[in-house]
Amino acid sequence: TYSVFLKASSEYNCQDTVTKPLTVYAQPDADFHVEPQVQKFPESKVFITNQSNEGPWSYKWNYDDESTDSVKSPNFHQYDHWGTYDIGLGIKSKTSHCIDSLTKSISILPPEVNASYQLSRKEGCEPLTVEFEGAQSVYDEKYSYKWDFGDGNTGEGRQITHTFDSAGVYYVKMVAKGEGGTDHTYDTIQVFKKPVPDFEVEPKLVMLPDQKMHCFNLSKYGDSYLWNFGDGSTSNKRSPKHLYSDLGKFDVRLTVETSDGCIDSVVKENAVEVKGKGMLKFPTAFTPGKSGPTDGRWEENEQDNNIFHPVGSGIVEYKLQIFNKWGEKIFESKEFHKGWDGYYQGELLPQDVYVWKVEAKFSNGEVVERMGDVTLLR
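In this text the structure is predicted, and so the values were computed from the model without any measurement. (Residues numbered from 1 in each chain as written. Predicted model: local features only at pLDDT ≥ 70, side-chain atom pairs only at ≥ 80, totals over all residues. Heavy atoms only, no water.)

### Some points on the nonpolar core
Core analysis: the biggest nonpolar cluster contains 22 residues, and Phe-282, Phe-308, Leu-320, Ile-322, Trp-340, Tyr-354 and Trp-356 have the highest contact counts within it. Of the residues forming this core, the biggest block, five residues, is contributed by strand β34 (residues 352-362). If we skip the residues at most four places from it in the chain, Ile-322 touches Phe-308, Glu-328, Lys-329, Ile-330, Phe-331, Trp-340, Tyr-354, Val-355 and Trp-356. (Core = buried A, V, L, I, M, F, W, Y, C linked by side-chain atoms within 4.5 Å. Buried < 20%, exposed > 50% of the residue type's maximum accessible area, 1.4 Å probe, protein only. Helix = DSSP H or I, 4+ residues; strand = E, 2+ residues; numbered from the N terminus. Contact = heavy atoms within 4.5 Å.)

Next up, the structure:
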C-alpha cells in the first residue's frame, strides 16, 4: 500500500496538501506446460507443470472432461477416452481482486484398428457354410466390417454367414475400419470336392435260388464305398455281386466317401425284383376273439393276432391242418388267406398247445411239408 502525497500552490503562494493511500494488488500470471501434447490411445496420461508466478493464489484446473482440480500442481491427468481437450488454468488472488487464466489444447488420437475374426470352420465338403465374426475393439470402438470371400462374393457386418458352393481354396479378407484408421486380415478356407454317387444293376430281375445281381459302380471322386442291398446285407467292394435269399422288390443304396471324408449317397427304389422262391413262416401263439367263431379270413399287414395263419409269398398250392393233443384234426384250410380262429364246432377251445401241419407248393416248383405247434392263449 503506497501513500500518495499531493501539494497544491496558488499564484499567491497559498498552499495545501493531501495524502491518500493507494493499494496495489499482486497480479497472478497463469502459465503451465503439458506433455505430451499428442499421443495415441490407450496412452492417455498428460503431465502438467505449473509455471505460474508465485503468489497468494487460488487455482482451478479444468480438464475438459467434466473433471476439475484445485491443487497448485496436479502433476498429471488421466483421460478415459480419446479426443481433443482444452486444459484450462484459472488463478485469482486471495482477495479476488486480480485474476488470470490460460488454456492449452492436447490431442489423444484414437487407438490403432486391429482387424481379426473368428470362423466356425476352416475346411469341409461342398457346399460349405461358414459363420464369420469380426473381433470388437478392446476399447469399445465401433468398427465397420467389409468381407471379401474370395469367390466373387462380398458382405458387410460384424457377424455374417457365407456358403461356398464349389470345391477350392478361398482366401477370405476382412477389412475393419474405425476412428483410428483401417486394418485388414486374411484366412484360408479349404472346400473339398463332394462325391457323385451313381450305379446300375444287372439284371434287374433275378430268380432264386442261385442267380446273382451285379452292381456297376459309375461314381466319381470316390475312395470308399458302402452298398446296402435292401435285405440287410451290405458290401464295401467297388462293384459287388449279391445273391438274394428272399422274394420281393429291393431298394439298393450306394454311399460314397472321398479321401477327404466327404460323403454322399444315392438310392434306387425297387432296383431289383427277386422271384422264384417261396417263403412260409408261422407264429408260435395267438389270442382268439371271444365274440364267436369267424370265417378265419385275414388281410396282409393286419395287426390283430386273433387268427392263426402264416406269412409267406410265392405259394401256389396250400393246405393247413390243426390237431389237438390227442391227434384229432380240428381244422383244415386250403386257402392261404383263411386261417384258424380258435373255435371248433362253434366253441372256443381251451388254452393249450395245438399241432399244425402244412403242405405247400411254391411258384418255382418246390414242395414243402412242415409241422409245428402253436399256443392258444385265452
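### Side note on the side chain of Asp-341
Checked against the element boundaries, Asp-341 lands in the loop between β31 (329-333) and β32 (343-344). Of the side chains with opposite charge, Lys-338 lies nearest to the buried Asp-341, which makes no salt bridge, at 8.9 Å. From its side chain, Asp-341 meets the backbone nitrogen of Thr-294 in a polar contact 2.6 Å long. Polar contacts involving the side chain of Asp-341 include one to the main-chain amide nitrogen of Tyr-343, which spans 3.0 Å. For Asp-341, the residues in contact, after removing those within four places along its chain, are Phe-286, Pro-288, Pro-293, Thr-294, Asn-306 and Ile-307. (Lys, Arg positive; Asp, Glu negative; His and termini not counted. Salt bridge = Lys/Arg side-chain N within 4 Å of Asp/Glu carboxyl O. Polar contact = N/O pair within 3.5 Å; in protein donor to acceptor, adjacent residues only side chain to side chain.)

### Topic: the packing of aromatic side chains
Following the criterion strictly, the structure yields 22 aromatic pairs and no others. Both rings, one in Trp-340 and one in Tyr-354, keep their centres 5.4 Å apart while their planes meet at 75 degrees; by these two values the pair is edge-to-face. With Trp-340 in the loop between β31 and β32 and Tyr-354 in strand β34, the pair connects residues that are 14 residues apart, well separated along the chain. Residue Tyr-354 is classed as buried on the basis of its relative accessible area, which comes to 4%. Taken together, the ring pairs connect Tyr-117, Phe-132, Trp-147, Phe-149, Phe-164 and Tyr-170 into an aromatic cluster. The ring of Phe-199 carries Lys-268 above its face, with NZ or CZ at 4.9 Å from the centroid. (Phe/Tyr/Trp six-rings, centres within 6.5 Å; stacked < 30°, edge-to-face > 60°. Lys NZ or Arg CZ within 6 Å of the ring centre and 35° of its normal.)

### Side note on the pairing of strand β17 (residues 168-178)
The pairing of strand β14 (residues 144-148) with β17 spans five bridges and is antiparallel. Looking at β17, one finds that Tyr-145 is bridged to Ala-176. Relative to strand β18 (residues 181-192), β17 is paired through 11 bridges, and the arrangement is antiparallel. Looking at β18, one finds that Tyr-170 is bridged to Ile-189. Taken together, β17 and the strand that follows it, β18, pair antiparallel across an intervening segment of two residues. (Pairing = 2+ DSSP bridges.)

### Regarding the environment of Lys-45
Relative to the elements of secondary structure, Lys-45 occurs in strand β5 (residues 45-50). Judged by its relative accessible area of 31%, Lys-45 is partly exposed. Put simply, Lys-45 and Tyr-79 are 34 residues apart on the chain and 6.4 Å apart in space, counted from C-alpha to C-alpha. In contact with Lys-45, other than residues within four places in its own chain, are Glu-35, Pro-36, Gln-39, Phe-76, His-77 and Gln-78.

### A word on the side chain of Ser-44
Within the secondary structure, Ser-44 is located in the loop between β4 (38-40) and β5. Residue class for Ser-44 comes out buried when judged on its relative accessible area of 3%. A distance of 2.7 Å separates a polar atom in the side chain of Ser-44 from a polar atom in the side chain of Gln-78. Leaving out residues up to four positions away in the same chain, Ser-44 has contacts with Gln-39, His-77, Gln-78, Tyr-79 and Ile-108.

### Here's the deal with the sheet that holds strand β20 (residues 205-207)
Sheet architecture is open: five strands sit in the order β20-β26-β25-β22-β23, paired in mixed fashion. The open sheet has two free edges, formed respectively by β20 and β23 (234-235), since each of these has just one partner strand. Taken together, the two bridges between strand β22 (residues 224-228) and β23 define a ladder with antiparallel strand orientation. Each residue of the ladder has a partner; that of Asn-228, found in β23, is Thr-234.

### What about a nonpolar patch on the surface?
A surface patch of nonpolar side chains, about 400 Å² in accessible area, is lined by Tyr-2, Val-4, Leu-22 and Val-24. With respect to the helices and strands, the residue Val-4 is situated in strand β1 (residues 2-9). (Patch = residues over 30% accessible without salt bridge, like charges linked within 9 Å, V, L, I, M, F, W, Y side chains within 5 Å. Areas by Shrake-Rupley, 256 points an atom, 1.4 Å probe, with all protein chains shown as cover.)

### Quick word on the pattern of salt bridges
On inspection of all chains with the given rule, the structure shows 14 salt bridges. Notably, a salt bridge pairs Lys-193 with Glu-126, separated by 4.0 Å at the nearest N-O pair. Of this pair, Lys-193 sits in the loop between β18 and β19 (199-202) while Glu-126 sits in the loop between β12 (123-125) and β13 (128-134), and the two are 67 residues apart along the sequence. In this structure Lys-193 comes out as partly exposed when scored by relative accessible area, which is 39%. One salt bridge connects Lys-268 with Glu-200, and the closest N-O pair in it is separated by 3.4 Å. Remark: Glu-200 occurs in strand β19 and Lys-268 occurs in strand β26 (residues 263-275); sequence separation between them is 68 residues.

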